[in-house]
Amino acid sequence: MLRDPNTIFRGNSLTSKCIDETMKLAGMHYLQVTLKPILDEICEAHKPCEIDPVKLKDGENFENNKENLKNYVDRIFDVITKSGVSCPTVMCDIFFSLRESAAKRFQGDPDVRYTAVSSFIFLRFFAPAILSPNLFQLSPHHPDPQTSRTLTLISKTIQTLGSLSKSKSASFKENYMAAFYENFHEQKYADAVKNFLDLISSSGRRDHKRIEQPILLKEGFMIKRAQGRKRFGMKNFKKRWFRLTNHEFTYQRSKGDHPLCSIPIENILAVETLEEESFKMKNMFQVIQPLRTLYIQANNCVEAKDWIDILTKVSQCNKKRLTVYHPSAYLNGHWLCCKATSENAPGCTPCTGGLPANIQLDIDGDRETERIYSLFNTYLCKLEKMQEACGSKSVYDGPEQEEYSTFLIDDPRETYKTLYQVIEAVKTLEQEHAQYKMDKFKKTKYGSQEYPIGDKSFQSYIRQQSEVSAHSI
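Residues numbered from 1 in each chain as written. Predicted model: local features only at pLDDT ≥ 70, side-chain atom pairs only at ≥ 80, totals over all residues. Heavy atoms only, no water.

## Quick word on the overall build of the protein
At step 1: A count of helices and strands for the protein gives 14 helices and 11 strands.
At step 2: Burial statistics for the protein: of 473 residues in total, 41% are counted as buried.
At step 3: Across the protein, the fraction of contacts at a sequence separation of at least 24, relative to all contacts at a separation of at least 6, is 62%.
At step 4: About 27200 Å² of surface is accessible on the protein, with carbon and sulfur atoms providing 50% of the total. (Helix = DSSP H or I, 4+ residues; strand = E, 2+ residues; numbered from the N terminus. Buried < 20%, exposed > 50% of the residue type's maximum accessible area, 1.4 Å probe, protein only. Contact = heavy atoms within 4.5 Å. Areas by Shrake-Rupley, 256 points an atom, 1.4 Å probe, with all protein chains shown as cover.)

Next comes the structure, spelled out in structure tokens:
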């Protein structure tokens, strides 16, 4: 039983390995858009970044190297912590479950909901990708020694920045790394990490009301058009303070005031830009709801895109999300875009959002399937014990002394069915593999090119088959 929150997911278990594989597959494009541009620049520029006084080359300046390294770390840290809206939904769902489970297990540690998620996204995802970009399809080949050393120093620093540990400098074995990390003790780094972790661990697939404290994702002043909730109200424009959490999207007169309007996240059907011709105003977007649409003008185009991206992110899994929308407003009895006269007319333009259609990922499906199979096969005994625990909990509270007696099972019956399917699939594949090897053994002659004389593995296989045959008889 895990008792120290600082050691969460430090070891390799079936759970951690499965999440590793999921992140590597689902997050391939995420890494491409986040890290690849800056990593390509690092590999091409070859700027010296060595900060170990012992390894400094002749003619290198320590201060210049330190400045080069700090610049790279700051830029990579910035692109990572601002990439939350690009994090794949399946990864957000996993991080949400991790955060909630860790918070329930360690209720006395307020930071555990962050460290549980950072253990994966920084320690097992971003840091390894920076260290070995060729293994994550971010580089066609292994970097040269100097670049590899630079990436190692960056990876160590980014990993520690994302850990949110209380004594970060002490976590470095090397004195020069501890001294270098003194440059990152400002509170802005910890705040950026927490905001990023809040966003990627806020799942749109879950019931947000289960979360005790809403997570603030973004806030600021914008101009909104009246939604026409009052029958004879004027549809004018007013400046309001907008606030977005993973629970709701609200606006009020000023920061700290009582909300004038609250839109639950599950009621957001789409978030799209609004054509300038609608109100002769730039930087406008629309938040589409079941009965009305909220038109908003941001301060600039960058701010508008940020709001659209983050609103789309938190609402992208809503069940009634639209597939088409009107890019212009409904004015003077018709839609300006398609000229339809009914205010309830279906949209005329496909909604945006999600990944671009032209993404091409070089993934070997057979190899990845084999890796997943090998994981389940290695931990088959534990899967069977977990299945027994689910069966026990379906009938009564479960055995008190068993290994999984304290395992949190939200739905024992469904979990039991899933585990049963996984176990049966693994056993079926194992039987088919054994049959394939037996058939191949019968057709292969000892002394052939495939199994030459003296091949110990072939001789071992012959003995195993003899033992199996004897046991069957």
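Structure shown, so let's carry the discussion forward.
## A few points about empty space enclosed by the protein
At step 1: Within this structure, the stated rule accounts for 2 cavities of 30 Å³ or more.
At step 2: In this structure, the second largest cavity spans a volume of roughly 30 Å³.
At step 3: Considering the residues around the second largest cavity, the lining is formed by Ile42, His46, Lys47, Tyr72, Gln146, Thr147 and Thr150.
At step 4: Ranked by residues supplied to the lining of the second largest cavity, first place goes to helix H7 (residues 145-163) with 3 residues.
At step 5: Residue composition of the lining of the second largest cavity, by class: 2 nonpolar, 4 polar and 1 charged. (1 Å grid on protein atoms, 1.4 Å probe; cavity = no way out; pocket = protein on both sides within 12 Å on 5 of 7 lines; lining within 4 Å. Points joined across faces, edges and corners; volume = space filled by probe spheres on them. Nonpolar A, V, L, I, M, F, W, Y, C, P; charged D, E, K, R; others polar.)

## Some words on the packing of helix H1 (residues 14-26) against helix H5 (residues 89-105)
At step 1: Where H1 contacts H5, the two axes come as close as 10 Å, and the packing angle between them is 150 degrees. Viewed along their axes, H1 and H5 adopt a mutual orientation that is roughly antiparallel. For the pair H1 and H5, the sense of crossing is left-handed. Across the interface between the two elements, Ile19, Thr22, Met23 and Ala26 of H1 pack against Val90, Met91, Ile94, Phe95 and Leu98 of H5.
At step 2: Among the residues making up the contact of H1 with H5, the classes are represented as 8 nonpolar, 1 polar and no charged. (Axes fitted to C-alpha atoms, helices over the stretch in contact; angles between N-to-C directions. Parallel < 35°, antiparallel > 145°, perpendicular 65-115°, else oblique. Left-handed = near helix turned anticlockwise from the far one by under 90°.)

## Some remarks on helix H10 (residues 301-315)
At step 1: Here H10 spans 21 Å end to end across 15 residues, near enough to the 21 Å set by a 1.5 Å rise per residue.
At step 2: The set of residues buried in H10 consists of Glu303, Ala304, Trp307, Ile308, Ile310, Leu311, Thr312, Lys313, Val314 and Ser315.
At step 3: In this structure Asn300 caps H10, since a side-chain oxygen of it lies 3.2 Å from the backbone nitrogen of Val302. (Expected span 1.5 Å × (residues − 1). Polar contact = N/O pair within 3.5 Å; in protein donor to acceptor, adjacent residues only side chain to side chain.)

## Let's talk about the environment of Lys17
At step 1: Here Lys17 shows up in helix H1.
At step 2: Residue Lys17 is classed as partly exposed on the basis of its relative accessible area, which comes to 30%.
At step 3: Put simply, Lys17 and Ile372 are 355 residues apart on the chain and 9.1 Å apart in space, counted from C-alpha to C-alpha.

## As for the confidence of the model for the protein
At step 1: Residues at a pLDDT of 70 or more form 79% of the protein, whose mean pLDDT is 81.
At step 2: Contacts from residues 355-359, a stretch scored under 50 in pLDDT, to residues over four places away or in other chains number 3 contacts. (pLDDT = per-residue confidence, 0-100.)

## A few points about the packing of aromatic side chains
At step 1: Taken as a whole, this structure holds 17 aromatic pairs when the rule is applied.
At step 2: Judged by centre distance (5.7 Å) and plane angle (65 degrees), the ring pair of Tyr30 and Phe126 falls under edge-to-face. In this pair, Tyr30 is assigned in helix H2 (residues 28-34) and Phe126 in helix H6 (residues 112-131), connecting sequence segments 96 residues apart.
At step 3: Taking relative accessible area as the criterion, Tyr30 reaches 1% and is therefore assigned buried.
At step 4: The exposure class assigned to Phe126 is buried, which follows from its relative accessible area of 0%.
At step 5: Between the aromatic rings of Phe221 and Trp241, the centroid separation amounts to 4.9 Å while the plane-to-plane angle is 80 degrees, which identifies the pairing as edge-to-face. Highlighted residues: Phe221 in strand S1 (residues 216-225) and Trp241 in strand S2 (residues 237-245), separated in sequence by 20 residues.
At step 6: Judged by its relative accessible area of 31%, Phe221 falls in the partly exposed class.
At step 7: These aromatic residues form a ring-pair network of at least three members: Tyr30, Phe122, Phe125, Phe126 and Phe196.
At step 8: Positioned over the ring face of Phe136 is Lys24, at 5.4 Å from the centre of the ring. (Phe/Tyr/Trp six-rings, centres within 6.5 Å; stacked < 30°, edge-to-face > 60°. Lys NZ or Arg CZ within 6 Å of the ring centre and 35° of its normal.)

## Comments concerning the sheet that holds strand S7 (residues 293-297)
At step 1: Across the sheet, which stays open at both edges, the 7 strands sit in the order S4-S3-S2-S1-S7-S6-S5 with antiparallel pairing between neighbours. This sheet does not close on itself; its edge strands, each paired only once, are strand S4 (261-264) and strand S5 (270-273). Strand-to-strand, the axes of this sheet are offset by a mean angle of 30 degrees, without reference to chain direction.
At step 2: Pairing of S1 with S7, which is carried by 2 bridges, proceeds in the antiparallel orientation. Its bridge partner being in S7, Ile223 is matched across the sheet by Gln297.
At step 3: Sheet contacts for H10: S1, S2, strand S3 (248-252), S5 and strand S6 (284-288); angle to S1, the most-contacted strand, approximately 120 degrees. (Pairing = 2+ DSSP bridges.)

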